[in-house]
Amino acid sequence: MRRKLFVLGLDSAPPRIIYDEYGVELKALKEVVGGSARYLMRSCHPPITIPAWISMFTGKTPGELGIYGFRHRKPGDVRESYIVNSSYVKFRAIWDEAGRAGLRVGVVGVPPTYPPRPVHGFLISDFTTPGPDKAYTFPPWLKREVESKFGPYIFDILYRSHEKGKVLKELMEMTKQHLEVVKHLIKSKDWDLMIYVEVGLDRLHHAFWRYFDKEHPRYEEHSEYSRVIPEYYKLIDDWLSEVRELMPRDTAIVVVSDHGTKAMKGAFVINQWLEEKGYLKLKEKPKRQGQDLSSDVVDWSRTLAWGWGGYYARVFINLEGREPQGIVKRDEYESLVEQLKRDFKGIRGPQGEKWDNKAFTPYELYPTVNGDAPDLIVYFDDLSWRSAGTIGWDTL
Ligand SMILES: [Zn+2]
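Before going into details, it helps to say that this report is about the structure given with it. All of these numbers come straight from a predicted model, not from anything done at the bench. (Residues numbered from 1 in each chain as written. Predicted model: local features only at pLDDT ≥ 70, side-chain atom pairs only at ≥ 80, totals over all residues. Heavy atoms only, no water.)

A short note on the overall build of the protein chain
- Secondary structure summary: the protein chain contains 12 helices and 14 strands in total.
- For 396 residues, the compact-globule formula gives about 21 Å, and the C-alpha radius of gyration of the protein chain, at 22 Å, lands near that figure.
- Its C-alpha atoms give the protein chain principal-axis dimensions of about 65 × 50 × 40 Å.
- Burial analysis of the protein chain (396 residues in total) assigns 52% to the buried set. (Helix = DSSP H or I, 4+ residues; strand = E, 2+ residues; numbered from the N terminus. Rg over C-alpha atoms; globule rule 2.2 N^0.38 Å. Buried < 20%, exposed > 50% of the residue type's maximum accessible area, 1.4 Å probe, protein only.)

Put into structure tokens, the structure is as follows:
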């Protein structure tokens, strides 16, 4: 029989939890990692869930894929956006290549794999799936099999919520369901390569990191919530112990993460900064705090650049010929981009502290630039600060 390969994708698992046992006791994961070759993986630019996983499994950069995040700007508008899905992925993933070589594959939860595309084996799509009422499996009948045993599939939870008790309950419910489904697939299907990505870890870190990481600027010891991260890892770890017994002994196991996790210190309001610096002109003063930047408040006849929030900032130049009311001439583009890069790198923190900012053009990062790429990709203080696109705040 062929040797099997099982890939466990732990979304946003930081190396220090896996390697240094940073407050988490691991058994099966430690056995797998400890008895194996370890490689330090560099995430892609930008180091976020979409595009990181699909970049890993296609071996293509976000530039080649034309995927720079979850949302993409519709050309010609400020706020209008589209969400990428599997149809935007124009390269073969490792499971496609394996299938072509005659191997049977299983894919669960890899973003973005919705809508599901045919594979030589089976596939359950990822957190970008609109809901369990959609067709989310290949073959299509796999959905019925999954639901008859485990109920409607849970793709994601609302994790940006102050109701932490509810988040915790839903997170556990979702993850336990996924673990049961994958266990069932491991046992009952014929496969040579199986890839399972659990996005629950990312949601876990978002919701509970500040109760866990003592270096978090707003760290809080909490009788219940401070135990959530260690308990969640233990759940995954116990499951791995169990499913290893279901696989042939010589199965190769790979544990991978798409990017790390760190404490978020705050948000930097990029459009407000661009306005202060004169790159962005508004027709009127913002009416309220936290207002979204919309096309009608921007004075396009005098605006050079504007930005988008997210974890990293995307900056767009109001380029003539590309933007509906573009004013920046092609021959001024390069020098404007360079000037913006210099200005971004010089931005300091609220107390005047030095920040480790990075600003790249997509051409510096990728061999090819496809799709709706931003003109600049900016990280504030090595991503300790996120970027927000809203305006009308008292401070930056
Ligand atoms: Zn991720």
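Past the structure itself, the notes keep going.
With respect to the coordination of the zinc ion
- Within the protein, the atoms that donate to the zinc ion are Asp11 (OD), Thr49 (OG1), Asp258 (OD) and His259 (NE2), at distances of 2.0 to 2.1 Å.
- In this structure, the zinc ion is coordinated by 4 donor atoms arranged in tetrahedral fashion, with angles at the metal of 97 to 120 degrees.
- Each donor residue of the zinc ion belongs to the same chain, with the gaps between them written as D-x37-T-x208-D-H. Of the two residues, Thr49 is situated in helix H3 (residues 49-58) and Asp258 in the loop between strand S8 (252-256) and strand S9 (266-269); the sequence distance between them amounts to 209 residues. Each member of the pair Thr49 and Asp258 is classed as buried. (Donors = N, O, S within 2.8 Å, 3.2 Å for Na, K, Ca; no water. Tetrahedral: all angles 85-135°; square planar, octahedral: opposite > 155°, others 65-115°.)

Comments concerning H3
- Judged by how many residues are buried, H3 sits mostly within the fold: 9 of 10 residues are covered.
- Buried within H3 are the following residues: Thr49, Ile50, Pro51, Ala52, Trp53, Ile54, Ser55, Phe57 and Thr58.
- For H3, the secondary structure elements touched by its buried residues are strand S1 (5-10), helix H4 (62-65), helix H5 (94-100), strand S7 (193-198), helix H8 (200-208) and S8.
- At the exit of H3 stands Gly59, carrying a positive phi of roughly 70 degrees. (Contact = heavy atoms within 4.5 Å.)

Looking at the nonpolar core
- Of all hydrophobic cores here, the largest spans 78 residues; its most connected members are Phe6, Trp95, Phe208, Tyr233 and Trp239.
- A per-element tally of this core places helix H7 (residues 164-188) first, with 10 residues.
- In contact with Tyr233, other than residues within four places in its own chain, are Ala13, Pro14, Ile17, Ile18, Val24, Leu26, Leu201, Leu204 and His205.
- Formed by 34 residues, the second largest nonpolar core is a distinct cluster that contains Leu336, Leu340, Trp355 and Ala359. (Core = buried A, V, L, I, M, F, W, Y, C linked by side-chain atoms within 4.5 Å.)

Remarks on the packing of aromatic side chains
- Evaluation of the coordinates by the stated rule reveals 28 aromatic pairs.
- Look at Trp308 and Phe316: their rings are 6.1 Å apart centre to centre, the planes differ by 85 degrees, and that puts the pair in the edge-to-face class. The same class applies to Trp308 as to Phe316, namely buried.
- Three or more aromatic residues joined by ring pairs make a cluster, and in this case those are Phe268, Trp273, Tyr279, Phe344, Trp355, Phe380 and Trp385.
- In this arrangement the basic side chain of Arg16 is found over the ring face of Tyr22, its NZ or CZ atom lying 4.0 Å from the centre.
- Lying across the ring of Phe208, Lys164 places its NZ or CZ 5.8 Å from the centre. (Phe/Tyr/Trp six-rings, centres within 6.5 Å; stacked < 30°, edge-to-face > 60°. Lys NZ or Arg CZ within 6 Å of the ring centre and 35° of its normal.)

A few points about the environment of Lys164
- Following the sequence through the fold, Lys164 ends up in helix H7.
- Between the C-alpha atoms of Lys164 and Ala207, which are 43 residues apart in sequence, the distance is 7.3 Å.
- Excluding anything up to four places from it in sequence, Lys164 contacts Ala207, Phe208, Tyr211 and Tyr225.
- Within the structure, Lys164 has its side chain in polar contact with the backbone oxygen of Ala207 (distance 2.8 Å). (Polar contact = N/O pair within 3.5 Å; in protein donor to acceptor, adjacent residues only side chain to side chain.)

Focus on the layout of surface pockets
- Reported here for the second largest pocket is a volume of approximately 370 Å³.
- Looking at the lining of the second largest pocket, the elements with two or more residues in it are helix H2 (28-34), helix H9 (228-244) and S8.
- It is H2 that contributes the most residues to the lining of the second largest pocket, 3 residues altogether.
- Tallied by class, the residues present in the lining of the second largest pocket amount to 6 nonpolar, 3 polar and 5 charged. (1 Å grid on protein atoms, 1.4 Å probe; cavity = no way out; pocket = protein on both sides within 12 Å on 5 of 7 lines; lining within 4 Å. Points joined across faces, edges and corners; volume = space filled by probe spheres on them. Nonpolar A, V, L, I, M, F, W, Y, C, P; charged D, E, K, R; others polar.)

Some remarks on the sheet that holds strand S10 (residues 305-308)
- Ordered in space as S10-S11-S13-S12, the 4 strands form an open sheet in which the pairing is antiparallel. The sheet is open, and its two borders are formed by S10 and strand S12 (358-360), each paired with just one other strand. Direction aside, the axes of adjacent strands within the sheet are offset by 25 degrees on average.
- Sheet analysis places S12 next to strand S13 (residues 376-379), joined by 3 bridges and oriented antiparallel. When the sheet's bridge partners are listed, Lys358 is paired in S13 with Tyr379.
- The sheet strands contacting helix H11 (residues 330-345) are S10, strand S11 (313-317), S12 and S13, and the helix crosses S11 at an angle near 150 degrees. (Pairing = 2+ DSSP bridges. Axes fitted to C-alpha atoms, helices over the stretch in contact; angles between N-to-C directions.)

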